[in-house]
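Residues per chain are reported as follows:
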Amino acid sequence: MNTERRAPLDRKRVADTALGLLNEVGLEGLTLRAIARELDVKAPALYWHFKDKQALLDEMATEMYRRMVAGAPLDPEDTWRERLRKSNHGLRTALRAYRDGARVFSGSRFTGIEHAEQMEDNLRLFTAAGLTLAQAVRATTTTYLYTLGFVIEEQGVEPLPDERREGFDIGERARTMSAFPLSAQAGAEIFTDYDRHFEEGLEVVLDGISARYGLR
């Protein structure tokens with residue numbers, strides 16, 4: 001008789017298991033049935049904790065956020081630009097740690113208020129720099145949406161770091177589009193060197209915030 005006691009089935013255990021499975025099967029393959037099989041329970045057991053898949057995705061996004069901010073205290077000496085730069089680089093790194101991580105995060109609703117502490121600190125920093133609350137919200141959400149959208153597109157080509165989706169051959173693309181030379185050459189900029197691409201794009205957004213609101 002097997003007397004080994006399994007950890008109790010709770011929301012955190014289900015979300016942790018789902019995040020681990022996500023890297024293997026991706027968002028499309030992440031079904032409640034597959035998660036239940038991984039946990040060695042029947043699928044109906046999961047409905048005690050999550051009413052549907054979106055509720056589970058909300059908890060997964062929340063757990064991703066918890067892991068992202070764990071051990072990463074905010075620096076009170078940050079300028080508004082440094083804070084946005086750090087937080088968005090951190091967000092991109094966190095999303096890329098999971099297959100379809102950005103798609104899981106996109107549109108999800110946090111199940112707790114852990115994010116409120118960082119949000120409050122950011123808004124305090126930006127309003128102290130001279131922004132109104134509305135402008136501070138616009139600056140933070142615009143950079144967030146830039147990062148989220150960037151990683152969604154990035155993961156369409158590179159689902160995980162050092163993994164490239166089949167069909168994105170830059171040379172073949174250039175040959176196919178040879179009648180449109182500038183567009184053909186643009187492929188090397190669009191579909192490679194995502195680190196540089198992200199960095200430059202983020203700086204463009206930050207420069208735009210600075211110019212729009214008269215910040216240094």
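Owing to the predicted nature of the structure, the values given are computational and were not obtained by experimental measurement.

Caption draft 1: Up close: the environment of Leu22. Inspection of the secondary structure puts Leu22 in helix α1 (residues 11–29). By relative accessible area, which is 0% here, Leu22 ends up buried. The spatial distance from the C-alpha of Leu22 to the C-alpha of Tyr98 is 6.8 Å, given a sequence separation of 76 residues. With sequence-adjacent residues up to four places away left out, Leu22 is seen in contact with Leu27, Leu30, Met60, Tyr98, Arg99 and Val104.

Caption draft 2: Representation of the UniProt feature "domain: HTH tetR-type" (unreviewed entry) in the chain in the model. The sites that UniProt annotates as "domain: HTH tetR-type" (unreviewed entry) are residues 8–68. Annotated as 70% helix and 0% strand, the span residues 8–68 places its first and last C-alpha atoms 25 Å apart.

Caption draft 3: Inspection of the packing of α1 against helix α2 (residues 32–39) at higher detail. Where α1 contacts α2, the axes come no closer than 9 Å and their chain directions differ by 125°. Regarding the angle of α1 to α2, the classification is oblique. The two elements α1 and α2 meet at a crossing, and its hand is right-handed. Here Arg13, Val14, Thr17, Ala18, Leu21 and Gly29 of α1 come into contact with α2, specifically with Ala34, Ile35, Glu38 and Leu39. When the residues that make up the contact of α1 with α2 are grouped by side-chain class, the tally is six nonpolar, two polar and two charged.

Parameters at a glance
Residues numbered from 1 in each chain as written. Predicted model: local features only at pLDDT ≥ 70, side-chain atom pairs only at ≥ 80, totals over all residues. Heavy atoms only, no water. Helix = DSSP H or I, 4+ residues; strand = E, 2+ residues; numbered from the N terminus. Buried < 20%, exposed > 50% of the residue type's maximum accessible area, 1.4 Å probe, protein only. Contact = heavy atoms within 4.5 Å. UniProt positions renumbered as here; feature names shortened; annotations may be inferred. Axes fitted to C-alpha atoms, helices over the stretch in contact; angles between N-to-C directions. Parallel < 35°, antiparallel > 145°, perpendicular 65-115°, else oblique. Left-handed = near helix turned anticlockwise from the far one by under 90°. Nonpolar A, V, L, I, M, F, W, Y, C, P; charged D, E, K, R; others polar.

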